[in-house]
Amino acid sequence: VKYGYITSNPARNIITKFGKETHVPDPYTIPQLQQFLSIVTGTKWEFPVAIAALYGLRISEVLGLRWRNVDLSGKELRVVEQLPYNLGRGTNIVSEMAPLKSKKNSDGRILPITDITLPYFERQKEQQENQKAMCSVSGTIYYDNDLVYAKPDGSPHRRDKMSNEFGQVVRRSGLPHLRYHDLRHTAATNMHQLTGDFYTISEILGHTLEGTAKSLGLSAQVNTVT
């Protein structure tokens, strides 16, 4: 990889331990999540952490979210696509997004942009406008992929690199170990504890009721509560 003979390290994702069950980190409680959000506020992690932890979006859905699917005035967020999985190193332009891989709501889901989450989108929009202006002043290229969350030059983040860097952020925070995907579990758990509404949670996550129950560590036999 260093000398450019191959584009990625084939040993990076090798599984070295096999078992019927793997340990899934406990999701953050609401106080822990509030603490983590305060730690990442003002950093590049503010938006992706908040959106994943409050909406339960997958990492590929966060990285593939485009402004054309965000209506700030109508306060709606459409999750209809995701970043392609095998994005090559050094990719600057994403010509086409990948379809959602979901057992439910494969055509996407519409979520509300609440008064709590609206400022995150507004700050992200303002930051990108500043980044575009800086690129224009410095004469550097800005790759406008219409991405809500992108690198300072507009090019997409790679999901594997983002996952690795997220682990370092968690370690420095002093909070219990958590993977980026576990923010989705955190969202599901906190929503369930606050509302007990399996049906709405499954709609927000794009999960079946059984899948939602499984992510919460509960029986697959779940009655619909609205």
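Right above here is the structure, for reference.
The text that follows walks through the structure, step by step, so that each part is easy to find. Keep in mind that what you see is a predicted model, and the values were worked out from it rather than measured. (Residues numbered from 1 in each chain as written. Predicted model: local features only at pLDDT ≥ 70, side-chain atom pairs only at ≥ 80, totals over all residues. Heavy atoms only, no water.)

### Notes on the overall build of the protein chain
So, point 1. For the protein chain, the count of helices and strands is eight helices and three strands.
So, point 2. Listed N to C, the secondary structure of the protein chain is α-α-α-β-β-β-α-α-α-α-α in terms of helices and strands.
So, point 3. Buried positions account for 43% of the 226 residues belonging to the protein chain.
So, point 4. Restricting the contact set of the protein chain to residue pairs at least 6 apart, pairs at least 24 apart contribute 63%.
So, point 5. Accessible area for the protein chain stands at about 13200 Å²; split by element, carbon and sulfur atoms hold 52% of it. (Helix = DSSP H or I, 4+ residues; strand = E, 2+ residues; numbered from the N terminus. Buried < 20%, exposed > 50% of the residue type's maximum accessible area, 1.4 Å probe, protein only. Contact = heavy atoms within 4.5 Å. Areas by Shrake-Rupley, 256 points an atom, 1.4 Å probe, with all protein chains shown as cover.)

### So, the packing of helix H2 (residues 46-55) against helix H6 (residues 182-195)
So, point 1. For the pair H2 and H6, interaxial distance at closest approach is 6 Å and the crossing angle is 45 degrees. As far as their axial angle goes, H6 and H2 are oblique. Contacts between H2 and H6 involve Val 49, Ala 52, Ala 53, Leu 54 and Tyr 55 from the first element and Leu 183, Arg 184 and Ala 187 from the second. (Axes fitted to C-alpha atoms, helices over the stretch in contact; angles between N-to-C directions. Parallel < 35°, antiparallel > 145°, perpendicular 65-115°, else oblique.)

### Digging into a nonpolar patch on the surface
So, point 1. Residues Val 1, Tyr 3, Tyr 5 and Ile 6 make up a contiguous nonpolar surface patch of roughly 530 Å² in combined accessible area.
So, point 2. Residue placement: Val 1 occurs in the segment before helix H1 (30-40). (Patch = residues over 30% accessible without salt bridge, like charges linked within 9 Å, V, L, I, M, F, W, Y side chains within 5 Å. Salt bridge = Lys/Arg side-chain N within 4 Å of Asp/Glu carboxyl O.)

### So, the sheet that holds strand S2 (residues 76-79)
So, point 1. Taken together, three strands build an open sheet; the order of strands is S1-S2-S3 and the sheet is antiparallel. The outermost strands of the open sheet, each flanked by one partner alone, are strand S1 (70-71) and strand S3 (109-112). (Pairing = 2+ DSSP bridges.)

### Comments concerning the pattern of salt bridges
Two side chains that carry opposite charge are able to pair once their charged atoms sit near each other.
So, point 1. Per the stated rule, a full pass over the model turns up ten salt bridges.
So, point 2. Put simply, Arg 66 and Glu 81 hold a salt bridge, and the shortest N to O gap is 2.7 Å. One end of the pair, Arg 66, is in the loop between helix H3 (59-63) and S1; the other, Glu 81, is in the loop between S2 and S3, and 15 residues separate them in sequence.
So, point 3. Given the relative accessible area of 13%, Glu 81 is considered buried.
So, point 4. Measuring nitrogen to oxygen at the nearest pair gives 2.8 Å for the salt bridge that ties Asp 160 to Arg 158.
So, point 5. Overall, the relative accessible area of 13% leaves Arg 158 in the buried class.
So, point 6. Several salt bridges converge on common partners, so that one network encompasses Arg 58, Glu 61 and Arg 109.

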